[in-house]
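Architecture at a glance
So the chains spell out like this:
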Amino acid sequence: MKLNELLGVEFPIIQGGMANVATGTFAAAVSNAGALGLIGSGGMDADSLRKEIQTARAATDKPFGVNLMLMNPHIEDLAKVVVEEEVQVVTTGAGNPGKYVPTWKEAGIKVFPVVAAPILAKRLERYGIDGVIAEGTESGGHVGEMTTMALVPQVVDAVSVPVIAAGGIADGRQMAAAFALGACGVQVGTCLLASAECPIHDNYKQAVIKAGANDTTVTGRTGGAPVRVLKNKMAREYLRMEKQNLPLEEMEKLTLGSLRRAVFDGDVDTGSFMAGQVAGMVKEVRPLRAIFEDLMNGCQTVVKGLTV
Ligand code: TUI
């Protein structure tokens, strides 16, 4: 099954759920550029999600979806809003969405949970999900342990629904590799942070552009919520506190509101600049359409030119 046909979009590309970044306006811009846009509801409550869905609907006649971050304190309400607002696609992250899936499926929503291990993919298949997004630890934000290279084929072998690869994908070579691993499409986030349409502070875009191959790190491993961010003063301080085994509450003071400080204030010292390992490949701010066309054309060129 072709992912673009399954979703009713031009390219087999889904935008990552990026909390505080992916507004209704941004999701609509992604959909208008030919991929599947998602509203990142990670930092939202029910009213703000409803508003963003209405904004997206007014800005595009193409399909778009909502990403639900399962650690969101308002998750029960948000799970109802996507039904009431007749959202076409839901992706989930940072947990097991099993208990919500039957209601979403009854409402005709296409459901694609993000998983970081094959076991959860297998469990969720029984609930009637439409596909699964296998996200490797290369990605930005909340991450699992497995790499995309090891994870995707093992998820492909574990389930019979379509698999979408995520984590470490920013150009046509990586997109081609995802197809070679058995995926039917890709999810990208980091390479969209530096899009012209992305509504983040310019300091965030510049930090992604300036980042080199070794400039991300994972904070929060000790507390059980590992998050990949660009190295900065905040990240270094957090890692230092983790090494000292300081109490979780002390470290949480440091991260409280830190994603918002990055996205809205561009605070280069105390912000959490979530980004994946491919940040080192992102060199300039470009329009969404150009980013998607390059991914797609690059992928096709690579596939045609393979010699083994
Ligand atoms: O969810 C993400 N990426 C995110 S969420 C987020 S907001 C946040 N902010 C601060 C701390 C934590 C989160 C920023 N980035 N990606 C999808 C993803 N899901 N990655 C890993 C997982 C995952 C992990 C465990 C999915 C399921 C899971 O299951 C555990 C279980 O219950 O079986």
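Residues numbered from 1 in each chain as written. Predicted model: local features only at pLDDT ≥ 70, side-chain atom pairs only at ≥ 80, totals over all residues. Heavy atoms only, no water.

Some remarks on the packing of helix α11 (residues 233–243) against helix α12 (residues 248–255)
As a packed pair, α11 and α12 sit with axes 10 Å apart at the nearest point and diverge in direction by 180°. By the angle class used here, α11 and α12 are roughly antiparallel. Every residue of α12 that contacts α11 at Met234, Glu237, Tyr238, Met241 and Glu242 is listed here: Glu250, Met251, Leu254 and Thr255. (Axes fitted to C-alpha atoms, helices over the stretch in contact; angles between N-to-C directions. Helix = DSSP H or I, 4+ residues; strand = E, 2+ residues; numbered from the N terminus. Parallel < 35°, antiparallel > 145°, perpendicular 65-115°, else oblique. Contact = heavy atoms within 4.5 Å.)

With respect to the site of the ligand
Close contacts around the ligand come from 14 residues, with Ala94, Gly95, Val114, Glu135 and His142 the closest. Ala94 is positioned with one of its backbone polar atoms (N or O) 2.9 Å from a nitrogen atom of the ligand. Here a nitrogen atom of the ligand and a side-chain polar atom of Glu135 are 3.0 Å apart. Burial of the ligand by the protein chains amounts to 71% of its free accessible area of 710 Å². For the shell around the ligand, the per-class residue count stands at 8 nonpolar, 5 polar and 1 charged. (Near = heavy atom within 4 Å. Polar contact = N/O pair within 3.5 Å; in protein donor to acceptor, adjacent residues only side chain to side chain. Areas by Shrake-Rupley, 256 points an atom, 1.4 Å probe, with all protein chains shown as cover. Nonpolar A, V, L, I, M, F, W, Y, C, P; charged D, E, K, R; others polar.)

Examining the state of the cysteines
The full count for this structure, using the stated rule, is 0 disulfides. Unpaired in terms of disulfides, Cys191 finds its nearest cysteine sulfur in Cys198, a separation of 11 Å. Judged by relative accessible area, Cys198 falls into the buried class, the value being 3%. (Disulfide = S-S within 2.5 Å. Buried < 20%, exposed > 50% of the residue type's maximum accessible area, 1.4 Å probe, protein only.)

Examining unusual backbone geometry
Not every positive phi belongs to a glycine, and Asn20 is a case in point at roughly 70°. Among the structural elements, Asn20 can be located in the loop between β1 (13–15) and α2 (24–32).

With respect to the sheet that holds strand β10 (residues 216–219)
Strand order in this open sheet of 3 strands is β7-β11-β10, and the pairing throughout is antiparallel. With one partner strand each, in any of the chains shown, β7 (141–142) and β10 form the two edges of the open sheet. The sheet contacts of α11 involve β10 and β11 (227–230), and relative to β10 the element is tilted by about 40°. (Pairing = 2+ DSSP bridges.)

None of the figures reported here should be taken as evidence of function without further support.
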